[in-house]
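# Topology and contacts: notes
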Amino acid sequence: MPPDGPLLIVSPHPDDEILGAGGLIHTWKNLGRSVTVISVTDGEAAYPQWRRLGQIRREELREALHVLSDHPVLVVRLGIPDGRVADYGSKLRSAIYSLLDPGTTVLVPYEHDGHPDHEAAGRVCIESARAHGFTLARYPIWAWRHADPQVFRHAQWGKFSLPDTARAAKASALQCFSSQLFPYKRTPVVPDHAMAHYTRPYEAFLL
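A brief look at the structure comes next. For clarity, every value in this text was computed on a predicted model and none was experimentally measured.

This brings us to the packing of aromatic side chains. Tallying each qualifying case throughout the model produces three aromatic pairs. Ring centres of Tyr110 and Phe152 lie 5.5 Å apart, and the angle between their planes is 50°; on these two criteria the pair is classed as tilted. You can see Tyr110 sitting in the loop between β4 (105-109) and α4 (116-132) and its partner Phe152 sitting in the loop between α5 (143-146) and β6 (157-161), a full 42 residues away along the chain. Like Phe152, Tyr110 is buried.

See below:
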């Protein structure tokens, strides 16, 4: 359980915040606490030939957050080009600093997640936490599917158990990302077999 303060979630692409922490978002909002999402990119490069994909994914995120909670979640969109987060570290860093309140817990991508945007965002956030001393936890996305389990052998983990209501809300929110789950004659970014990692009765964070 994070400290009883605000949550600030750094999400490289629309859906990462739900995959990694959707149940926690649901729980936190139901407790009346503040949740802010920094939406780093619009995820427009997932299918480069698909025009308007960035706009579609922003709309999917809005719908998913509404499914998670009737209480609004603040989304701060940075508009950094998908695939180029490493080139905009100062912009991400400035956004984090501007949104930090006392007692904020910052959830960030795992810095060895296997996706360049996730890794770049994770590194920026870790450096910022060291410089400013805020509480930080890292969520894996791609690493659940591709990392060698031995990498995590000595890692320190935090496990956030999800009540049935939070687990159901997260599962429903994930279905809002049809561009990633049901991409119509394209290989899904998140195939059915991978969803098992994101629909467990808990969420796990590297501390």
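So much for the structure itself; the text now carries on.
Once that is clear, we can look at the packing of helix α1 (residues 16-30) against helix α2 (residues 53-68). A pair of packed helices can be characterised by two numbers: the angle between their axes and the separation between those axes. As a packed pair, α1 and α2 sit with axes 10 Å apart at the nearest point and diverge in direction by 30°. Taken together, α1 and α2 sit at an angle that is classed as roughly parallel. For the pair α1 and α2, the sense of crossing is right-handed. The residues of α2 that touch α1, namely those facing Glu17, Ile18, Gly22, Ile25 and His26, are Leu61, Ala64, Leu65 and Leu68.

Another point: the environment of Val10. Tracing the backbone shows Val10 in strand β1 (residues 7-11). Here Val10 falls in the buried class, since its relative accessible area comes to 0%. Apart from the residues within four sequence positions on either side, Val10 is in contact with Ile38, Val40, Leu92, Ile96, Val106, Leu107, Val108, Pro109, Ala121, Cys125 and Tyr139.

Let's shift gears to the pattern of salt bridges. Counted by the stated rule, this structure contains eight salt bridges. Ionic pairing is found between Arg57 and Asp15, a salt bridge with its closest N-O pair at 3.5 Å. Taken together, the residues Arg57 in helix α2 and Asp15 in the loop between β1 and α1 connect sequence positions 42 residues apart. The buried category is assigned to Asp15, whose relative accessible area is 5%. Asp42 is the salt-bridge partner of Arg77, the closest N and O atoms lying 2.8 Å from each other. Highlighted residues: Arg77 in strand β3 (residues 74-77) and Asp42 in the loop between β2 (35-39) and α2, separated in sequence by 35 residues. Bridged by salt links that share partners, the residues Asp42, Arg58 and Arg77 form one connected network.

About the thresholds
Residues numbered from 1 in each chain as written. Predicted model: local features only at pLDDT ≥ 70, side-chain atom pairs only at ≥ 80, totals over all residues. Heavy atoms only, no water. Phe/Tyr/Trp six-rings, centres within 6.5 Å; stacked < 30°, edge-to-face > 60°. Helix = DSSP H or I, 4+ residues; strand = E, 2+ residues; numbered from the N terminus. Buried < 20%, exposed > 50% of the residue type's maximum accessible area, 1.4 Å probe, protein only. Axes fitted to C-alpha atoms, helices over the stretch in contact; angles between N-to-C directions. Parallel < 35°, antiparallel > 145°, perpendicular 65-115°, else oblique. Left-handed = near helix turned anticlockwise from the far one by under 90°. Contact = heavy atoms within 4.5 Å. Salt bridge = Lys/Arg side-chain N within 4 Å of Asp/Glu carboxyl O.

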